[in-house]
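Structure assessment
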Amino acid sequence: MIYHFVVGDEAAKPLQEAILSEPSLAGEVVVLRDILHVGPLQKTDDMSFSQMRSAFWQEVAAQEKIPVEVDDMECLLACSKAMYDDDTIQAWFWMAPGPADVCAYYWVLPYLSKHPGRFSLINMAGLPFLDENGKVHFPKNISEILPRELVKARRLARPVTPGEVEVDTEEWRRLTEENAAIRTHEGGKKIVSRSETYYDSQLTGFCTPQFQKASRVINQVLTKQHNPTGDLYLGRRLRQLVQNGALEANGDITKALKDFEVRLPGQPSA
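These figures come from a predicted structure and were not determined experimentally.

1. Digging into the packing of aromatic side chains
Summed over all chains, the structure comprises 8 aromatic pairs. Taken together, a centroid distance of 5.0 Å and an interplanar angle of 75° make the contact between Tyr198 and Tyr199 edge-to-face. One aromatic cluster is present, built from ring pairs that chain together Phe49, Trp107 and Tyr111.

2. Quick word on the pairing of strand β4 (residues 119-123)
Side-chain direction in a regular strand flips from residue to residue, so the side chains alternate between the two faces of the sheet. A large share of β4 lies buried, amounting to 4 of its 5 residues. Bridging between strand β3 (residues 90-95) and β4 involves 5 bridges; their strand directions are parallel. Bridging across to β4, Trp94 finds its partner in Ile122. What joins β3 to β4 is helix α4 (residues 99-112), and the crossover it makes is right-handed. Bridge count between β4 and strand β7 (residues 158-159): 2 bridges; the pairing is antiparallel. Considered in β7, the bridge of Leu121 is made with Arg158.

3. Brief notes about the environment of Glu10
With respect to the secondary-structure elements, Glu10 resides in helix α1 (residues 9-21). In the structure, Glu10 is positioned 44 residues away from Ser54 in sequence and 21 Å away in space, judged by C-alpha atoms. Within the structure, Glu10 has its side chain in polar contact with the side chain of Lys13 (distance 3.0 Å).

Quick notes on the rules
Residues numbered from 1 in each chain as written. Predicted model: local features only at pLDDT ≥ 70, side-chain atom pairs only at ≥ 80, totals over all residues. Heavy atoms only, no water. Phe/Tyr/Trp six-rings, centres within 6.5 Å; stacked < 30°, edge-to-face > 60°. Buried < 20%, exposed > 50% of the residue type's maximum accessible area, 1.4 Å probe, protein only. Helix = DSSP H or I, 4+ residues; strand = E, 2+ residues; numbered from the N terminus. Pairing = 2+ DSSP bridges. Right-handed = clockwise from strand over helix to strand, strands pointing away. Polar contact = N/O pair within 3.5 Å; in protein donor to acceptor, adjacent residues only side chain to side chain.

By themselves these figures say nothing about function.
So this is what it looks like as structure tokens:
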């Protein structure tokens, strides 16, 4: 039995199909939903890690008016306990070449590496896969890989070595100590801490002297810049740019992105 760790519901879908079609992959898909390349990593004395991350996302998603509960830690601890109770259980981490996946790998490492020889990594970075038309492509997310191609990729699973555990555990400790607002992926397993202003030039770059929907600005950053950070966090930063005067708004910025407009400052009123 294998615990298949993957980041995000979309990435989980083809993996679940692959597992159903290949007996050697039999196990359970464990979906990690927190996006660890944005927001704080240092927990406080009065909050658990899950409570701290839940509070962060609740603040980011305040306009959604939906309670946010991050329980990845509880899922991870439950899997680790099951591995202590049954030494036949394996854990595999399917890692796409992006900041969310690499940060999640660093995060789970101290827990799953306590089971020597039973924690394996499948690193998709730079690997070619076939699409539906039989053409070669290099996916950035596991959601872009066909289930039959994921079945083939199972051969890439290899146990994380003691040397990797030592080095990579230090990387997570560094990221936690830096506790930056944003973390970017610079290739391989390299993650760099960035300030909250890191994406400001992208956000303002798609603004014009004319008002346009905030949702349109965010969508352009996500699609044209291939920004991996997500609309919730970028929307939060866009509102902060309005609050500090870097952008002007028309409408209530406490509402959803589709409900207000933004433009570059200093323009005459219509």
